[in-house]
Amino acid sequence: MKQLVIKDIHKSFGELEVLRGISLDINPDEITAIVGASGAGKTTLLQIIGTLMKPDSGQVLYDGTDVTRLKDRQLSAFRCNHIGFVFQFHQLLPEFTALENVMLPALIAGTSRHDAERRAAELLASLDVADRATHRPTALSGGERQRVAVARALVNNPDIVLADEPTGSLDTRNRDEIIRIFRTLQERLGRGFVVVTHDLGFASIASRVITMTDGMVEMPAEAEKSSENLEV
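## What about the nonpolar core?
Moving on, step 1. Counting 39 residues, the largest nonpolar core has Val102, Leu124, Val148, Val150 and Phe182 as the members making the most contacts within it.
Moving on, step 2. Elements supplying a minimum of two residues to this core: β3 (31–35), α3 (98–108), α4 (113–126), α5 (142–154), β7 (160–164), α6 (172–189), β8 (192–196) and α7 (200–204).
Moving on, step 3. Counting residues per element, this core draws most heavily on α5, at six residues.
Moving on, step 4. Judged by nonpolar contacts, the second largest core, of 29 residues, contains Ala40, Leu70, Ile83 and Met212.

Okay, here's the thing in structure tokens:
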């Protein structure tokens, strides 16, 4: 992916206006952190960027393609092939093993079972959880579950990975390890990562930090001032 452009995004829930004209250009080969107080609209924006939610108005352009105009089937295919997701609470399917959870997006995309299993095993090995491949999520630690979730996000070799509070449910040791993993992956793969976070440690490794307040993006001077009051 060469370019991700968000143009004048508005989103309301009933009478509550959550996003009020967000416009951003996101570099697809760096880590972008979106920070701000709870209720600022960060997760809503991430879901719209990830095509999980449609805006009321505005555009989300991936290499010039406005994904807000795609029909449901086209949108599902685009999401599966171009976007990876990491959530705060991993969202692994409890009935499947770690390996099967990582394989699933590849199988949905039409990859053969043999190739999906090989790719999933390689990713689990690269994230130091190969020995947990046959374990179900309930048998994994919080840090292990989140590593499996990262592997799942990468299995289809997406253009960009979107992460919503990926360290929010982890202890300090696992938090530091996930931060290290994201930085290493970005350097090694050259993939873009957009991370919603309250974690100042995570924001510190980002190439760019975007601060949101009340559904809007702050100007750099305002963002620097408000970062002193950022929730952690």
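## Here's the deal with the packing of aromatic side chains
Moving on, step 1. Tallying each qualifying case throughout the model produces three aromatic pairs.
Moving on, step 2. With 5.0 Å between their ring centres and 65° between their planes, Tyr62 and Phe78 make a pair best called edge-to-face. Separated by 16 residues along the polypeptide, Tyr62 in strand β4 (residues 57–62) and Phe78 in helix α2 (residues 72–82) bring together distant segments of the chain.
Moving on, step 3. Since its relative accessible area comes to 14%, Phe78 is described here as buried.

## Considering the environment of Arg79
Moving on, step 1. Relative to the helices and strands, Arg79 is located in helix α2.
Moving on, step 2. Once the C-alpha coordinates of Arg79 and Thr51 are considered, the two residues, 28 residues apart in sequence, prove to be 6.9 Å apart.
Moving on, step 3. Side-chain polar atoms of Arg79 contact the backbone oxygen of Thr51, separated by 2.8 Å.

## Things to note about the packing of α3 against α5
Moving on, step 1. For the pair α3 and α5, the least separation of the axes is 7 Å and the interaxial angle reads 25°. One element, α3, and the other, α5, form an angle in the roughly parallel class. Of the two possible hands of crossing, α3 and α5 adopt the one that is right-handed. The residues of α5 that touch α3, namely those facing Ala98, Asn101, Val102 and Pro105, are Val148, Ala151 and Arg152.

## Let's talk about the pattern of salt bridges
Moving on, step 1. Applying the stated criterion to the full structure yields seven salt bridges.
Moving on, step 2. For the salt bridge of Asp56 with Lys11, the shortest nitrogen-to-oxygen distance reads 3.7 Å. Of the two residues, Asp56 is situated in the loop between α1 (42–49) and β4 and Lys11 in strand β1 (residues 4–13); the sequence distance between them amounts to 45 residues.
Moving on, step 3. Across the pair Glu177 and Arg147 runs a salt bridge whose closest N-O atoms are separated by 3.6 Å. Placement of Glu177 in helix α6 and of Arg147 in helix α5 is noted, with a sequence separation of 30 residues between them.
Moving on, step 4. When salt bridges with common partners are traced through the structure, they connect Arg147, Glu177 and Arg180 into a single cluster.

Reading the values: rules and limits
- Residues numbered from 1 in each chain as written.
- Predicted model: local features only at pLDDT ≥ 70, side-chain atom pairs only at ≥ 80, totals over all residues.
- Heavy atoms only, no water.
- Core = buried A, V, L, I, M, F, W, Y, C linked by side-chain atoms within 4.5 Å.
- Buried < 20%, exposed > 50% of the residue type's maximum accessible area, 1.4 Å probe, protein only.
- Helix = DSSP H or I, 4+ residues; strand = E, 2+ residues; numbered from the N terminus.
- Phe/Tyr/Trp six-rings, centres within 6.5 Å; stacked < 30°, edge-to-face > 60°.
- Polar contact = N/O pair within 3.5 Å; in protein donor to acceptor, adjacent residues only side chain to side chain.
- Axes fitted to C-alpha atoms, helices over the stretch in contact; angles between N-to-C directions.
- Parallel < 35°, antiparallel > 145°, perpendicular 65-115°, else oblique.
- Left-handed = near helix turned anticlockwise from the far one by under 90°.
- Contact = heavy atoms within 4.5 Å.
- Salt bridge = Lys/Arg side-chain N within 4 Å of Asp/Glu carboxyl O.

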